[in-house]
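Tertiary structure, described
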Amino acid sequence: MESLKNNRRSRSVLFCVFVLCIQLQLSLTGHCPADRRTWVSFKDKCYHFVHGEEDKIKSYTFESAKTLCRGFELLTIQSAEENDFVIKYSPEVWKGTVNVWLGMYYDTNSDNMMWFGDDPVLFTNWEDSSPSDLVPVETCVSLHSNTGKWENVSCLEEVENGVVCETDQKAEVAKQKPNALLSALVILSVVAIMGVSAVIWFLHQKHNLGSTILTAFEYHPPFRVLDTDQSCLVEAEETDSVP
Ligand SMILES: *[C@@H]1O[C@H](CO)[C@@H](O)[C@H](O)[C@H]1NC(C)=O
């Protein structure tokens, strides 16, 4: 019985490692929206640089930029790295200098600029210029793709030629297509577990000729495939405490 107990324990450890591997794999793969647009990821965000028709002059009012990105945010820049990412990626999409609308507005409650989504503005990259004479509530911001500097412009009158939509990466486990490596891992693990089980079964039968299939099954609780990490631990503890 001692060897059977040990086998059971090592089998449940093997199974826990297998489950943890899958969970790690799934949580590490973030996802950009699967619409027909091109999304690029940087850190934990996804960006869609809006392409205009090649020959047409692109021009977007602040309202039309928001409409284009409906369901997502306009570009939100929280760090110097993110600002750099945008100016480095711009030439891949656009010819020449483009001024991109930022998803920022003047919040009358706090008397400060705020990001849509209500994040406070912690990083700024204003260009050096004399303070604008814009009414604060009509103040919007555009980013120059050549310098990375930000400028205050009128939300109502200004027309810019660049729009970037932004959203968080999501770990959409249900929609995810398993990749080849993961599939191979699953198949290998199942084969390994079945092989180990068969050996244990064989040894058990050999050592307990008198025992019936029924009692054998009592000592082999079926795997609970949907077990979480926690119950894996509990199971391991239970196994340990068997006298
Ligand atoms: C742009 O406007 C905001 C809000 O009024 C202000 O805090 C910021 O200093 C302005 N930037 C420049 C360069 O004028």
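Here the structure is shown first, and the text comes after it.
Residues numbered from 1 in each chain as written. Predicted model: local features only at pLDDT ≥ 70, side-chain atom pairs only at ≥ 80, totals over all residues. Heavy atoms only, no water.

1. Observations regarding the site of the ligand
Lining the immediate surroundings of the ligand are Met-113, Trp-126, Glu-127, Ser-129, Thr-139 and Asn-152. Within the side chain of Asn-152, a nitrogen or oxygen atom sits 2.4 Å from an oxygen atom of the ligand. Relative to its unbound accessible surface of 360 Å², the ligand loses 66% to contact with the protein. When the residues that make up the shell around the ligand are grouped by side-chain class, the tally is 2 nonpolar, 3 polar and 1 charged. (Near = heavy atom within 4 Å. Polar contact = N/O pair within 3.5 Å; in protein donor to acceptor, adjacent residues only side chain to side chain. Areas by Shrake-Rupley, 256 points an atom, 1.4 Å probe, with all protein chains shown as cover. Nonpolar A, V, L, I, M, F, W, Y, C, P; charged D, E, K, R; others polar.)

2. A look at the state of the cysteines
Evaluation of the coordinates by the stated rule reveals 3 disulfides. Here Cys-32 is linked by a disulfide to Cys-46, with a sulfur-sulfur distance of 2.1 Å. Every disulfide takes its handedness from the sign of the S-S torsion; for Cys-32 and Cys-46 that torsion is -95°, giving left-handed. Of the two residues, Cys-32 is situated in the loop between helix H1 (2-28) and strand E1 (40-42) and Cys-46 in strand E2 (residues 45-49); the sequence distance between them amounts to 14 residues. Residue Cys-46 is classed as buried on the basis of its relative accessible area of 0%. One disulfide in the model links Cys-140 with Cys-155; its S-S distance is 2.0 Å. Since a negative S-S torsion denotes a left-handed disulfide, the Cys-140-Cys-155 link at about 105° is right-handed. Placement of the pair is Cys-140 in strand E7 (residues 139-144) and Cys-155 in the loop between strand E8 (150-154) and strand E9 (164-168), with a sequence separation of 15 residues. For the pair Cys-140 and Cys-155, a shared accessibility class is recorded, and that class is buried. The disulfide pattern of the chain is 1-2, 3-6, 4-5 when the bonded cysteines are numbered in sequence order. (Disulfide = S-S within 2.5 Å. Helix = DSSP H or I, 4+ residues; strand = E, 2+ residues; numbered from the N terminus. Buried < 20%, exposed > 50% of the residue type's maximum accessible area, 1.4 Å probe, protein only.)

3. Notes on the sheet that holds E8
Reading across from one edge, E4-E7-E8 is the order of the 3 strands in this open sheet, with antiparallel pairing throughout. Edge positions in the sheet fall to strand E4 (99-101) and E8, since each has one partner strand and no second. In this sheet, neighbouring strand axes are inclined to one another by 40° on average, regardless of whether the strands run parallel or antiparallel. Two strands pair when backbone bridges link them, and E4 and E7 are joined in this way by 3 bridges, in the antiparallel orientation. (Pairing = 2+ DSSP bridges. Axes fitted to C-alpha atoms, helices over the stretch in contact; angles between N-to-C directions.)

4. Some thoughts on the pairing of strand E6 (residues 112-115)
In this structure, strand E5 (residues 104-107) lies alongside E6, joined through 4 bridges in antiparallel fashion. Residue pairing across strands places Asp-107 opposite Asn-112, the latter belonging to E6.

5. Points about the pattern of salt bridges
Taken as a whole, this structure holds 4 salt bridges when the rule is applied. With its nearest N and O atoms 3.3 Å apart, the salt bridge here joins Arg-37 to Asp-35. The network of salt bridges with shared partners includes Lys-45, Glu-166 and Asp-168. (Salt bridge = Lys/Arg side-chain N within 4 Å of Asp/Glu carboxyl O.)

None of the figures reported here should be taken as evidence of function without further support.
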